[in-house]
Amino acid sequence: MRNLIALLSGLLFGAGLLLSGLADPAKVLGFLDVSLIASGQWDPSLMLVMGGSLSVYLPVYLLWVKPRMAQKLGPVLDSHYQVPNKTRIDGPLVVGAGLFGLGWGMLGICPGPAVVNLSSFDPLALAFMAAMILGAYLGRLLQRLQQRRVQTQVEA
């Protein structure tokens, strides 16, 4: 049942990305390029998509998720809510956010829409996913190397 709900949620998310235009890099770049404001060609429609998403998510989080987390109650189909446990802004977070923003601003695509665009077999979508997987692998490799370095310093 859990896998079926995950599949249906993913399909709903993908359909939402397609319907909103977030899977179209040209539309995203039309929103991100604020230099188009002066010429009247800037596309603010994605701001409405983000506002609509927040108007649905925020009340659900405040009225359902947050109180259940405070009472140590889990979600319906899992043992606990999957929320970040880090609250500090650190170097890896800043670098990761910067790389994400840089990639999104240059290409107009991020991981969610990239997965949706795989269905088109577009060579650019395939190259993006390959680069994303390689980046994730390299990030984990660098993290392990850093942990080993810290561990050897502690042992010394």
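Throughout, a residue's number is its position along its own chain's written sequence, starting from 1. Where totals are concerned, whole chains, interfaces and linings use all residues; where local detail is concerned, this predicted model gives features only for residues with pLDDT of at least 70, and gives and counts side-chain atom pairs only at 80 or more. Values shown for side chains rest on all heavy atoms present in the structure; no hydrogens or waters enter the calculation.

Trainee: Would you mind going over the pattern of salt bridges in detail, with residue names and values included?
Mentor: By salt bridge we mean one thing: a side-chain nitrogen of Lys or Arg within 4 Å of a carboxyl oxygen of Asp or Glu. Counted under the stated rule, the structure contains three salt bridges. With its nearest N and O atoms 3.8 Å apart, the salt bridge here joins arginine 2 to aspartate 78. Pair noted here: arginine 2 is in helix H1 (residues 2–20) and aspartate 78 is in the loop between helix H3 (45–70) and helix H4 (91–107), with a separation of 76 residues, a long-range link. The helix count covers DSSP runs of H or I at least four residues long, the strand count covers runs of E at least two residues long, and both are numbered beginning at the N terminus.

Trainee: Break down the packing of helix H2 (residues 25–32) against H4 for me, with residues and values.
Mentor: The contact between H2 and H4 brings their axes to 8 Å, and the two run at 110 degrees. Classified by the angle their axes make, H2 and H4 are roughly perpendicular. Along its contact with H2, which presents Pro25, Val28, Leu29 and Leu32, the element H4 presents Trp104, Gly105, Met106 and Leu107. Across the contact of H2 with H4, the residue classes break down as seven nonpolar, one polar and no charged. In this analysis an axis means a line fitted to C-alpha atoms, helices contributing only their contacting stretch, and an angle means the value between N-to-C directions, from 0 to 180 degrees. For classification, angles of less than 35 degrees are called roughly parallel, those exceeding 145 degrees roughly antiparallel, those between 65 and 115 degrees roughly perpendicular, and all remaining angles oblique. Whether two residues are in contact is decided by their heavy atoms, any of which lying within 4.5 Å being enough. Polarity classes work like this: nonpolar for Ala, Val, Leu, Ile, Met, Phe, Trp, Tyr, Cys and Pro, charged for Asp, Glu, Lys and Arg, and polar for all others, with Gly in that last group.

Trainee: Let's hear about H2: which residues, and what values?
Mentor: Each residue gets one of three labels from its accessible area relative to the maximum for its type: buried under 20%, exposed over 50%, partly exposed in between, using a 1.4 Å probe on protein chains only. Taken together, the buried positions of H2 are Val28, Gly30 and Phe31. One face of H2 carries all of its buried residues, which in axial projection span an arc of 155 degrees. Elements in contact with the buried residues of H2: H3 and H4. What the arc describes is the spread of directions from the helix axis to the C-beta atoms.

Trainee: Can you tell me about a nonpolar patch on the surface, naming the residues and giving the values?
Mentor: Patches here are clusters of residues that have more than 30% relative accessible area and form no salt bridge, with a 9 Å joining cutoff for like charges and a 5 Å cutoff for nonpolar side chains (Val, Leu, Ile, Met, Phe, Trp, Tyr). Each accessible area is a Shrake-Rupley result for a 1.4 Å probe, and residues are judged covered by the shown protein chains and nothing else. Together, Met1, Leu4, Ile5, Leu7, Leu8, Leu11, Val56, Val60, Trp64, Val76 and Leu77 line one region of the surface with nonpolar side chains, adding up to about 1100 Å² of accessible area. Contributing elements (two or more residues each) for the nonpolar patch: H1 and H3. A per-element tally of the nonpolar patch places H1 first, with five residues. Here leucine 8 lies in helix H1. Among the residues examined, leucine 8 registers a relative accessible area of 46% and is labelled partly exposed.

Trainee: An account of the UniProt feature "transmembrane region" (unreviewed entry) in the chain is needed here, citing residue identities and associated values.
Mentor: Under the feature "transmembrane region" (unreviewed entry), the UniProt entry names residues 47–65, 93–114 and 120–139. Along residues 47–65 the backbone is 100% helical and 0% strand, and the end-to-end C-alpha distance reaches 25 Å. Along residues 120–139 one finds 85% helix and 0% strand; the C-alpha atoms at either end are 28 Å apart. UniProt positions are given in the numbering used here, feature names are shortened, and annotations may be inferred rather than shown by experiment.

Trainee: So, unusual backbone geometry: which residues are in play, and what are the values?
Mentor: The general pattern is negative phi for most residues beyond glycine and trans for most peptide bonds. For lysine 72, which is not glycine, the phi torsion reads 60 degrees and is therefore positive. Mapped onto the fold, lysine 72 is located in the loop between H3 and H4. If you check the backbone angles, phenylalanine 121 has positive phi at about 55 degrees while not being a glycine. Along the chain, the position of phenylalanine 121 falls in the loop between helix H5 (111–117) and helix H6 (123–155).

Trainee: Any details on the packing of aromatic side chains? Residues and values, ideally.
Mentor: By convention, a stacked pair of Phe, Tyr or Trp rings (six-membered ring in the case of Trp) has centres within 6.5 Å and planes under 30 degrees apart, an edge-to-face pair has planes over 60 apart, and any other such pair is tilted. Evaluated as defined, the whole model comprises three aromatic pairs. Note on phenylalanine 31 and tryptophan 42: the rings are 5.8 Å apart at their centroids and 25 degrees apart in plane angle, and the pair reads as stacked. Of this pair, phenylalanine 31 sits in helix H2 while tryptophan 42 sits in the loop between H2 and H3; the two residues are eleven residues apart in sequence, bridging distant segments of the chain. Of the residues examined, phenylalanine 31 reaches a relative accessible area of 12% and is grouped as buried. With a relative accessible area of 23%, tryptophan 42 lands in the partly exposed category.

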